[in-house]
There are 2 protein chains.
Amino acid sequence: MNERILELFEETPETYVSGAEISRRLGVSRTAIWKHIEELRAEGYTFEAASRKGYRLISKPAKWQVSKLLNGMKTKALGQKVHIYDEVDSTQTIAHKLVASGAPEGTIVLAERQTAGRGRMGRSWHSPSGKGIWLSLILTPRIPVYFMPQLTLLSAVALCRAIQKVCQVDIGIKWPNDLLIHGKKVSGILLESSGEDERLKYVIAGVGISVNLLEEDYPEELRSIATSLAIESGGKVSREELVQAFLLEFEEMYALYMEKGFAPIRLLWEALSVTLKRPIRTSTPSGFIEGIADSLDDTGALTVITPNGERVKIYSGDIELK
Amino acid sequence: MNERILELFEETPETYVSGAEISRRLGVSRTAIWKHIEELRAEGYTFEAASRKGYRLISKPAKWQVSKLLNGMKTKALGQKVHIYDEVDSTQTIAHKLVASGAPEGTIVLAERQTAGRGRMGRSWHSPSGKGIWLSLILTPRIPVYFMPQLTLLSAVALCRAIQKVCQVDIGIKWPNDLLIHGKKVSGILLESSGEDERLKYVIAGVGISVNLLEEDYPEELRSIATSLAIESGGKVSREELVQAFLLEFEEMYALYMEKGFAPIRLLWEALSVTLKRPIRTSTPSGFIEGIADSLDDTGALTVITPNGERVKIYSGDIELK
C-alpha cells in the first residue's frame, strides 16, 4: 500500500494531494492513509501536511552513493573498509561485533537508518532514514585508558572542522563533544571503549550528524533544541563529502595526537569551544556546581571557577550553558 | 575408562600402582594408560609418577562448597550473587554476558576450571580444575574512566591483604597488579572495562589465584616463575575462606576509595609493593626505559628515575624487576 501511495504522489510532483482523493482512489480509510504516511516518514520520506489541502511529498530518502564515497576518500587508513547497511539497531552494536571478529583500525559502519541509535548517558538518538550520517569508526590506539577523555575531545575537534569546511556554518563545541549551531544541537558523538587494566583495547567512535533533515522531520519537542546542517546552511549537503572530510580531519588530528600528545588538540578544542568563559552549571555525584568554564586541563577535564574563586575540575557528565 | 582407572587407585590409597598392573587388569596398552592419566590430570587429579614404581594418586579435584561459601560471606554487596560453573572458557566471558543481561554490581562468577583463562596482554592463564580460584567480579563504579588505573591498583591491594590474612605468607605487589611470593607469581588480576566517553559503564575484575596447586600441577616451563599458596604456606588453603576474605577487603577498599579518593589506596599499595626503590626495566612505545621505580603519582602511574636523574612516568605495560 505504501508503494501505491508513493506512485500517486509522483503523478503530480510538488503539489498537494488531498486525503479524500487518496482515500477514493486507493479505497482505504483516512485513518489508514495517515498511518501509511507515518510509516513512509519513518522510512525517510518527508511530507508536508496542510489542513484542507492534504499532503505534499517534499523529499525522498537518499541512498549512500558508495562509489562516490569510496573514490573520494583521501585517507590512508580510516574509512578504507566500509560496511554500509540499510537499517540497523545501532551502528555501534555492529561495530562492536566487527571488532570481535577482527576488523582492523579505520573500519567504518554506516547505516541509512538506526532503529535504536544511542546517545550519551543512555539517551536515544533520532536517526531517520537517508538524511543523516550515522557512523561508527573503529580505533585501536595503543594508549593508556587514562587518555580516553582526550580522544573524546579530539573527535569533536575533527568533526567540527570537517563541518566548517564542507558547510561554512558557524559551529562550536559544547564540552565535551556536542556540536551546536546557534545553540541548537546538530551532532552528537559517543565514544565506547573497551579497556584491559590500564590499556585501551579498542574504541568505537559513534557519530550522529543531522545532515539533510528538514524542520518537518523533527518531532515537535526537539525543534527548539535540535537542528540540521541543511536547515542552517540553507541547502542540501553531500553526506559522502562530509564523511570524507570528517575521516580526513580525524586521521590528521589522530596522527598529531600520537606524535605530539594532547597539547595541540587542546588548543584547537579551546578555539572551537562555545563553553569557555561562559557561566555553566552541572551536577556531579557530590552536588551541583555553578561557575565560569575556564579552560581544559592536561587530561581533558574542564576547569570551572566557582563564584567564591575556587577552581573545580569536571571530569565527566553533561553541562548546561546558562 | 578414566573412572575404572580411578577405582583401581582408590582400592589401595597412597600406594604406587604400576603401569603393568593397570595394563593387565584393565586390558589396555601402557600408552593408553598414560593418555588417561593425562586426561585425569587436566580434570584436577594429581598423580606422582616414579620410574619402576608406577603412578600414585596424590589428590583429587575439590568442588566449591557453595553453602560454606555463601554462609561465611561477610560483605554487604560483593559476592551476594554467585554464579558457579564446573567448566567455562573464561569467567570473564561469562561475566560480560551477565552484565549485558543486567546483573547487578557485586555479582561474581566462579569456575572449577577454565579452558581459556585470560591473563594480561592477551596471555593465557593456567587454570586447572579444583585447585585455584578463577573469579570474576562485576563492578559498576560511577567514576570517570580516567580513574581506571587506580581501580587496578586497588584490586591488587585488596587481594594482597586477603592472602596475607588467610595464609600468613610474605606476599608483595609488582606494578601494577601481579602478586609475588619469593619472586614467583601466585596470582594475576585483569580488569576489563567498558567506557562511554569519559565515563565507566562497568568493570569486570578477573582474579586468578593459584591456591592448592602442587609442584606437579605446573608444566615444567612455569615452575621457576610460578608458585601456589599451598606450596608457599606448606598446607592446603580453603578457597571459600579466601574468596570471602578477598571480597570483604575489596568492599572495604572500594568504599574507602569512593569516599576519600586514591590517596589512602596509594599509601597501602606503596606499603605492599615489591617494585618501589628497586631497579626496573620496561619497554614503551618510545623505547626501553631503565631506572629506579620511585613512587606512584596521583593517577596511579609509576614514576621511574632514570640514571641521568630524569623522572619518567609509566602509564601502562609490564615491568621487569632487575
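Rules used in this analysis
- Residues numbered from 1 in each chain as written.
- Chains lettered and ligands numbered in written order.
- Predicted model: local features only at pLDDT ≥ 70, side-chain atom pairs only at ≥ 80, totals over all residues.
- Heavy atoms only, no water.
- Least-squares fit on C-alpha atoms with pLDDT ≥ 70 in both.
- Helix = DSSP H or I, 4+ residues; strand = E, 2+ residues; numbered from the N terminus.
- Polar contact = N/O pair within 3.5 Å; in protein donor to acceptor, adjacent residues only side chain to side chain.
- UniProt positions renumbered as here; feature names shortened; annotations may be inferred.
- Axes fitted to C-alpha atoms, helices over the stretch in contact; angles between N-to-C directions.
- Parallel < 35°, antiparallel > 145°, perpendicular 65-115°, else oblique.
- Contact = heavy atoms within 4.5 Å.
- Nonpolar A, V, L, I, M, F, W, Y, C, P; charged D, E, K, R; others polar.
- Expected span 1.5 Å × (residues − 1).
- Buried area = accessible area lost by both parts, 1.4 Å probe.
- Salt bridge = Lys/Arg side-chain N within 4 Å of Asp/Glu carboxyl O.
- Phe/Tyr/Trp six-rings, centres within 6.5 Å; stacked < 30°, edge-to-face > 60°.
- Buried < 20%, exposed > 50% of the residue type's maximum accessible area, 1.4 Å probe, protein only.
- Core = buried A, V, L, I, M, F, W, Y, C linked by side-chain atoms within 4.5 Å.
- Pairing = 2+ DSSP bridges.

Draft legend 1. Examining the relation of the copies chain B and chain A more closely. The transform that puts chain B on chain A rotates by 180 degrees and translates by 0.1 Å along the axis, for an RMSD of 0.1 Å. On this basis, the relationship between the two copies can be described by a two-fold rotation axis.

Draft legend 2. Structural context of the side chain of A:Asn212. Assignment of secondary structure puts A:Asn212 in the loop between strand E9 (199-210) and helix H7 (229-233). In this structure the side chain of A:Asn212 is engaged in a polar contact, spanning 2.8 Å, whose partner is the backbone nitrogen of A:Val237.

Draft legend 3. Main features of the UniProt feature "DNA-binding region" (unreviewed entry) in chain A. Here the UniProt feature "DNA-binding region" (unreviewed entry) sits at residues 19-38 of chain A. Across residues 19-38 of chain A, helical content stands at 85% and strand content at 0%; the span's end C-alpha atoms are separated by 14 Å.

Draft legend 4. Structural context of the packing of helix H1 (residues 2-11) of chain B against helix H3 (residues 30-42) of chain B. Residues and elements named next belong to chain B. At a minimum axis distance of 10 Å, the contact between H1 and H3 shows a crossing angle of 85 degrees. Taken together, the axis directions place H1 and H3 in an arrangement best described as roughly perpendicular. Here Asn2, Ile5, Leu6 and Phe9 of H1 come into contact with H3, specifically with His36, Ile37, Glu39 and Leu40. Residue composition of the contact of H1 with H3, by class: five nonpolar, two polar and one charged.

Draft legend 5. Region of interest: helix H8 (residues 239-260) of chain A. Across its 22 residues, H8(A) extends 31 Å between first and last C-alpha, which sits within 8% of the 32 Å expected from 1.5 Å per residue. Downstream of H8(A) by a residue or two, A:Gly261 has a phi angle that is positive, lying close to 85 degrees.

Draft legend 6. Structural context of the interface of chain B and chain A. Taken together, the 29 residues of chain B in the interface contact 29 residues of chain A. Here chain B meets chain A over a buried area of about 2,400 Å², counting both sides, of which 53% is carbon and sulfur. Broken down residue by residue, the surface that chain B buries against chain A is led by B:Tyr146, B:Asp197 and B:Glu198, which jointly contribute 29%. Linking chain B to chain A there are zero salt bridges. Where chain B touches chain A, the interface holds four residue pairs in polar contact (both at pLDDT 80 or more). If you list the elements that add at least two residues to the side of chain B that touches chain A, you get helix H6 (148-167), strand E8 (184-196) and strand E9 (199-210) of chain B. When residues of the side of chain B that touches chain A are assigned to their parent elements, the largest contribution, eight residues, is made by E8(B). Partitioning the side of chain B that touches chain A into residue classes produces twelve nonpolar, ten polar and seven charged.

Draft legend 7. The arrangement of the packing of aromatic side chains in detail. Within the structure shown, the criterion is met by 13 aromatic pairs over all chains. Pairing A:Tyr146 with B:Tyr146 gives two aromatic rings, centres 5.0 Å apart and planes at 25 degrees, and the pair type is stacked. One end of the pair, A:Tyr146, is in the loop between strand E5 (132-139) and helix H6 (148-167); the other, B:Tyr146, is in the loop between strand E5 (132-139) and H6, on a second chain. When its relative accessible area of 8% is taken as the criterion, B:Tyr146 is described as buried.

Draft legend 8. Seen up close, the pattern of salt bridges. Scanning the entire structure with this criterion turns up 46 salt bridges over all chains. Among the salt bridges present, the one from B:Glu196 reaches B:Arg199, with a minimum N-O distance of 3.7 Å. There is no split in this pair, since B:Glu196 and B:Arg199 are both buried. Sharing partners across several salt bridges, the network here consists of A:Glu196, A:Glu198, A:Arg199 and A:Lys201.

Draft legend 9. Quick peek at the nonpolar core. Of all hydrophobic cores here, the largest spans 133 residues; its most connected members are A:Ile163, A:Leu229, B:Ile163 and B:Leu229. Examining the composition of this core, we find that 13 residues originate from one element, H6(A), more than from any other. Beyond its immediate chain neighbours, meaning those up to four positions away, A:Leu229 contacts A:Ile163, A:Cys167, A:Val169, A:Ile181, A:Val186, A:Ile209, A:Ser210, A:Val211, A:Gly234, A:Val237 and A:Leu242.

Draft legend 10. Focus on the sheet that holds strand E12 (residues 302-305) of chain A. Residues and elements named next belong to chain A. Taken together, five strands build an open sheet; the order of strands is E13-E12-E11-E10-E14 and the sheet is antiparallel. Only two strands of the sheet have a single partner each, and these edge strands are strand E13 (311-314) and strand E14 (319-321). Each strand of the sheet is rotated relative to its neighbour by a mean of 45 degrees, with strand direction disregarded. Here three bridges tie strand E10 (residues 279-284) to E14, and the two strands are oriented antiparallel to one another. Paired with isoleucine 280 across the strands is leucine 321, a residue of E14.

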